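# Coordinates in review
Here is how the chains run, residue by residue.
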Amino acid sequence: MTERRRGRPHVLATAGALLTLACASGASSPRGSETLGRLPSHGRIPVGAASSATADGGALAAPVSGADRRFEAFARDIVELVNRDRRAAGVPELTPDPEAAAFARAEATRLVAEGFGHHAADGSKPYQRWARQGHTARLAENLFRLTARAGRAYMQFDPADAQAQLMRSPGHRRNVLDPMHTGAGVAVAFDPTRNSVYVVQEFVDRQAAVEPGPRTWRAGETQELAGRLDPTSGLEPWMAVLYREPAPGTAALSRETRRRSYTEGSDDPAVVVPRGAFGLDGASGEFRVRLRVPPGAPPGPYTLMLYVAPRERIAAAGKARRLSTDLGLPVALVAYEVVR
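Residues numbered from 1 in each chain as written. Predicted model: local features only at pLDDT ≥ 70, side-chain atom pairs only at ≥ 80, totals over all residues. Heavy atoms only, no water.

Attention now moves to helix H2 (residues 98-114). Here H2 spans 24 Å end to end across 17 residues, near enough to the 24 Å set by a 1.5 Å rise per residue. Those residues of H2 that sit buried are Ala100, Ala101, Phe103, Ala104, Glu107, Ala108, Arg110 and Leu111. Near the N-terminus of H2, the side chain that reaches the backbone nitrogen of Glu99, with its oxygen 3.1 Å away, is that of Asp97. (Helix = DSSP H or I, 4+ residues; strand = E, 2+ residues; numbered from the N terminus. Expected span 1.5 Å × (residues − 1). Buried < 20%, exposed > 50% of the residue type's maximum accessible area, 1.4 Å probe, protein only. Polar contact = N/O pair within 3.5 Å; in protein donor to acceptor, adjacent residues only side chain to side chain.)

Right under this line is the structure:
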């Protein structure tokens, strides 16, 4: 998060999706012919970023609604500013994503109710809340806050200034310019209790369409994941990892912890499925893979992440017999619940 004090940004936390990978201990591959080596835990990869600012008069908006259309205009302006920055960087523009926009509005409402931060009161992360709603596209979140010391914050809000502050933070900038993002949703909200304005940016990756099957699994059960990649994208399935997540409400989070950048997945991969286990139709891009939850898997929430990679990278990695998430790009996620 970046907090701005009297126009000066103070970086609290930054996040860069997929650029810096922290590796966890290795695990054996389900296929004896391949070695997993190091499995970078995406629980250690910061992907969300939040920025905050304080001024002698605040800035931003109220929950996007028909009551005040200027806040909708703020959100539209920020989407255009994001695309302006992407054009300048030579990255494809993002399309407005209705599902991401609805989620951004829900997140903005949550911030007003709970306070500023990626982690909700129950300890959940943005992608978990997104996936629980049935979405399967990968999601990354940026947050910005401007708090006013005098006067109503929303009277001093400037969308261009908010976007400029985000672009000055390396983590926010990486999220804005990530070439894997295909769509975006933005919301702005005014918190009268804290006299703060919040900007929520939600970025989604829709390179893969996934059919997750049943969302509840029993330990020891085998399920199938099916989906499709655009056959003209040059991307193929690389691997899938099922991460065990903390149960909602089990972690007592401090205010500082809630405001930190979040991470994808956890440090506890329960299942690792290598590329060789996928069935792929190269002409249509359709794929299938079977996943078995270990018989001793503890009950609770899990997140499955699908990684893809360019064909040439897969070919090179195959010759080196190397399997690691740092060679892939996460494009889809599914929330599952494991029961006894």
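Next comes the rest of the write-up.
This part covers the side chain of Thr147. Inspection of the secondary structure assignment puts Thr147 in strand S7 (residues 138-148). On the basis of relative accessible area, Thr147 is assigned to the buried category, the value being 16%. Separated by 2.6 Å, the side chains of Thr147 and Ser196 make a polar contact.

The next point concerns the confidence of the model for the protein. On average, the protein scores 79 in pLDDT, and the residues at 70 or more come to 75%. Low pLDDT, under 50, characterises residues 1-46; the stretch is placed with 168 contacts to residues that sit more than four places away or in other chains. Predicted confidence is poor over residues 55-67, with pLDDT under 50, and the contacts of this stretch with residues over four places away or in other chains come to 63 contacts. (pLDDT = per-residue confidence, 0-100. Contact = heavy atoms within 4.5 Å.)

Turning our attention to the pattern of salt bridges. Oppositely charged side chains may form a pair once their charged atoms are brought near each other. Counted according to the given criterion, the structure contains 16 salt bridges. With a shortest N-O distance of 2.8 Å, Arg129 and Glu107 are connected by a salt bridge. Separated by 22 residues along the polypeptide, Arg129 in helix H3 (residues 126-132) and Glu107 in helix H2 bring together distant segments of the chain. The class of Arg129 is buried, set by a relative accessible area of 11%. (Salt bridge = Lys/Arg side-chain N within 4 Å of Asp/Glu carboxyl O.)

The element strand S18 (residues 329-339) is largely enclosed, with a buried count of nine among its eleven residues. Sheet analysis places strand S17 (residues 300-310) next to S18, joined by nine bridges and oriented antiparallel. When the bridges of S18 are listed, Val308 appears paired with Leu329. (Pairing = 2+ DSSP bridges.)

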